[in-house]
Amino acid sequence: MAARARNMKNPFSTMIPSPFFHLVSVSPLTSFLFSPQRNHTNKLFSPSSRIFSLFFISLLICFTLLGMFSLSLFPIFQDSVSCNSFISPSSSSSLAFSSSKSHRLLSSFSSRSLSNVKDDKLGLSRSVMVPLPAQGISGNVSKEEREFWEQPDGEGYKPCLDFSINYRKESSRISKEKRRFLVVVASGGLNQQRAQIVDAVVIARILEAAMVLPVLQVNLIWEDDSEFSDIFDVEHFKRILQADVRIVSSLPSSHLMSRQSVENQIPIDVSPLWIRARFSKKLNEEGVLVLKGLASRLSKNLPPDLQKLRCKVAFHALRFAAPIQELGNRLARRMWIEGPYIALHLRLEKDVWIRSGCLTGLGSEYDKIICQVRDSQSEYLTGRLNMSHTERRLAGLCPLNAAEMARFLKALGVPSNARIYIAGGEPFGGVKAVQPLIAEFQNLVTKDMLAREAELTPYIKKASALAAIDYIVSLSCNVFIPSHGGNMGRLLQGHRAYVGHWKSIKPNKRAMIPFFEESSLSDAEFGSIVRMLHRKYNGHPESRSNKRDRDVIAYPVPECMCKHNTPIF
């Protein structure tokens, strides 16, 4: 029985013969390693032969290890090919409509079917929200209309968030901070809150503090009690900024009993030096710093690395929560599938008229209501308190009302059948407020008209979520036009430049309004003047360096965009 066992072959080696053992069996090593001891006079086993055999063993082992290492890399290579070569049906159909400029962009919807893939496998370049591909116009169109739809020349400017070596060295320490925490309370509407969150992250970096997820103050005007996690993708926010600032969901238990006095008296246009001098000592002593009222407080002119951080937060980190993003994308596609469209951000809400100190243009009945609220709550009026309504309008400080916007669009060459998406809240005065626009352009659309039954129901009382949907749909339009600046206008202007130099036209109200009063001007003359005043929007990207007090979020050239063959993140 024992003899039978000794004669049995190893079943594993029989089923899967090894190339390694095959080589051994036909080499001189077989006898050397496995044969009985023989007479040393046998020339085959002379000392020189033994040396040669040892050399052969070493060489064979080296080649074997090299082969095993090469095979271990093969699955990784396969994975990388399969990921890079993936093209969903939706992305291929989108590319069929794209212009030559659109090939430089990532399709907004090509990654939808990859939503279950962890974002940490995607680079920073894949985290930015991009619009659907641009669509050109066709058929017989006028010179003015063709000029209106034409996209600006990007002149080779692409995103380049190439932080300095010193910044990256400091990041390894700052991103691990566990003793000092910054808490920020962001107020206002959605886009005002977003602007404050951008600056809050920069302040946390300046103070080398960890940052607690921002607290969104309950908006008394819109009665919106949304929290940060209701509007934004929390895990994405943390992940994108993990190398810049440590983000935590809440204060650790060790800091809950710390003294938490609220700092809300921050001057306008403060520098990093001022921030450190004012708050570093207190933060070191108490461990927690609570800031409130950050709107427009941090200087627009920061060192290059901090400007890049602003862009990283605004365009990469602040991604909307998945339900909002998905609904916004659906509505954007419903607009986009029908062809080119315009997005107008009409600032006709009641609070805008109160804060701007302007008249509505709807008649004395409506203006009386606005004046009564403004007189009883004078703190809402922002700046230029000594100016009359007329002076404010001529200075370009008032929103364009619906009648003025309709005339402005016609002067730019927009045809009456153009498809126009209206972004913004409920206009003060209801349908009457937008009637002049409806009379001139029959294809006006709102999110309520685009949405199907019950799609907007979860957000009826959520003004911030509705504003986020407006933002997403406006991002994919061919031309974006805000009637009165504001945070959404600045964010979209910069975002659209950042992802491919999509046209945004900011009405030059100060130069244009006097011509509205010239009744002797014909429509042709007025149109020629308006197009001349806004011709720069067909040209090269506007640089922030021309006016240092510009917001880098609205003007990302040159700090966040530069001329490179490929984007640098």
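Note: the structure precedes this text.
Residues numbered from 1 in each chain as written. Predicted model: local features only at pLDDT ≥ 70, side-chain atom pairs only at ≥ 80, totals over all residues. Heavy atoms only, no water.

Participant: Describe in detail the overall build of the protein, supporting the description with residues and values.
Facilitator: When helices and strands are tallied, the protein shows 24 helices and 13 strands. Of all 569 residues assigned to the protein, the portion counted as buried reaches 47%. Intrachain contacts of the protein at a sequence separation of at least 6 include 78% that bridge at least 24 residues. (Helix = DSSP H or I, 4+ residues; strand = E, 2+ residues; numbered from the N terminus. Buried < 20%, exposed > 50% of the residue type's maximum accessible area, 1.4 Å probe, protein only. Contact = heavy atoms within 4.5 Å.)

Participant: Now, about helix 12 (residues 272-286): what can you tell me, with residues and values included?
Facilitator: Helix length check: helix 12, at 15 residues, gives a terminal C-alpha distance of 20 Å against a target of 21 Å (1.5 Å per residue), a fit within 8%. Maximal helix bending in helix 12 amounts to about 40°, located at F279. Among all positions of helix 12, only P272, I275, F279, K282, L283 and E286 are buried. Looking at the buried positions of helix 12, the neighbouring elements they touch are strand 2 (181-186), helix 9 (190-207), strand 6 (262-263), strand 7 (288-292) and helix 13 (304-317). (Expected span 1.5 Å × (residues − 1). Bend = angle between axes of the 7 residues up to and from the residue.)

Participant: Explain helix 14 (residues 322-336) residue by residue, including any values.
Facilitator: Along its 15 residues, helix 14 runs 20 Å from first to last C-alpha, staying within 8% of the 21 Å computed at 1.5 Å per residue. Those residues of helix 14 not exposed but buried are I324, Q325, L327, G328, N329, L331, A332, R334, M335 and W336.

Participant: Quick one: what's the story with the pattern of salt bridges, residue by residue and with numbers?
Facilitator: According to the stated counting rule, one finds 21 salt bridges in the structure shown. Of the charged contacts in the structure, one is a salt bridge between E170 and R205, with a shortest N-O distance of 3.9 Å. Taken together, the positions of E170 in helix 8 (residues 165-174) and R205 in helix 9 put the pair 35 residues apart, joining distant regions of the chain. A single salt-bridge network, built from bridges that share partners, covers E263, R278 and K282. (Salt bridge = Lys/Arg side-chain N within 4 Å of Asp/Glu carboxyl O.)

Participant: Quick one: what's the story with the side chain of K238, residue by residue and with numbers?
Facilitator: By secondary structure assignment, the location of K238 is in helix 11 (residues 234-240). Buried within the structure, K238 lacks any salt-bridge partner; its nearest side chain of opposite charge belongs to E235, at an N-O separation of 4.0 Å. In this structure, K238 is in contact with I247, V248 and S249, ignoring residues within four places of it in sequence. (Lys, Arg positive; Asp, Glu negative; His and termini not counted.)

Participant: Explain unusual backbone geometry to me, using residue names and the numbers behind them.
Facilitator: Following V557, the chain continues to P558 via a peptide bond in cis, the omega torsion being 10°. Positionally, P558 belongs in the loop between helix 24 (523-533) and strand 13 (561-563). Positioned with a positive phi, A454 is a non-glycine residue whose angle comes to about 75°. With respect to the secondary-structure elements, A454 resides in the loop between helix 20 (447-450) and helix 21 (463-475). Owing to a relative accessible area of 52%, A454 belongs among the exposed residues under this scheme.

Participant: Account for the nonpolar core, naming residues and giving values.
Facilitator: Among the nonpolar cores identified, the biggest contains 90 residues, and F237, L291, F320 and I324 are the most heavily contacted of them. Here this core gets 10 residues from one element, more than from any other, and that element is helix 9. Discounting chain neighbours no more than four positions away, the residues touching I324 are D230, I231, Y459, A465, A468, I469 and I472. With 40 residues, the next largest nonpolar core counts C398, L400, F408 and I505 among its residues. (Core = buried A, V, L, I, M, F, W, Y, C linked by side-chain atoms within 4.5 Å.)

Participant: Explain the sheet that holds strand 12 (residues 503-504) to me, and be specific about the residues and the numbers.
Facilitator: What the 5 strands build is an open sheet, ordered 10-9-8-11-12; its pairing is parallel. Every interior strand has two partners, whereas the edge strands, strand 10 (444-445) and strand 12, have only one. Sheet analysis places strand 8 (residues 342-345) next to strand 9 (residues 420-423), joined by 4 bridges and oriented parallel. Paired with L344 across the strands is I422, a residue of strand 9. Where helix 21 meets the sheet, its contacts fall on strand 8, strand 9 and strand 11 (479-482), and the angle it forms with strand 9 comes to roughly 150°. (Pairing = 2+ DSSP bridges. Axes fitted to C-alpha atoms, helices over the stretch in contact; angles between N-to-C directions.)

Participant: Run through the state of the cysteines, naming residues and quoting values.
Facilitator: Counted by the stated rule, this structure contains 3 disulfides. With its sulfur 2.0 Å from that of its partner, C160 forms a disulfide with C562. Separated by 402 residues along the polypeptide, C160 in the loop between strand 1 (157-159) and helix 8 and C562 in strand 13 bring together distant segments of the chain. Here C160 and C562 have matching classes, each one buried. (Disulfide = S-S within 2.5 Å.)

Participant: Explain the packing of aromatic side chains to me, and be specific about the residues and the numbers.
Facilitator: Enumeration according to the criterion identifies 10 aromatic pairs in this entry. Arranged with centres 5.2 Å apart and planes meeting at 75°, the rings of F148 and W149 form a pair that is edge-to-face. Here F148 matches W149 in class, with each residue buried. Aromatic pair W274 and F279: ring centres 5.8 Å apart, planes at 80°, arrangement edge-to-face. Judged by relative accessible area, which is 28%, W274 ranks as partly exposed. Residue classification places F279 among the buried residues on the basis of a relative accessible area of 1%. (Phe/Tyr/Trp six-rings, centres within 6.5 Å; stacked < 30°, edge-to-face > 60°.)

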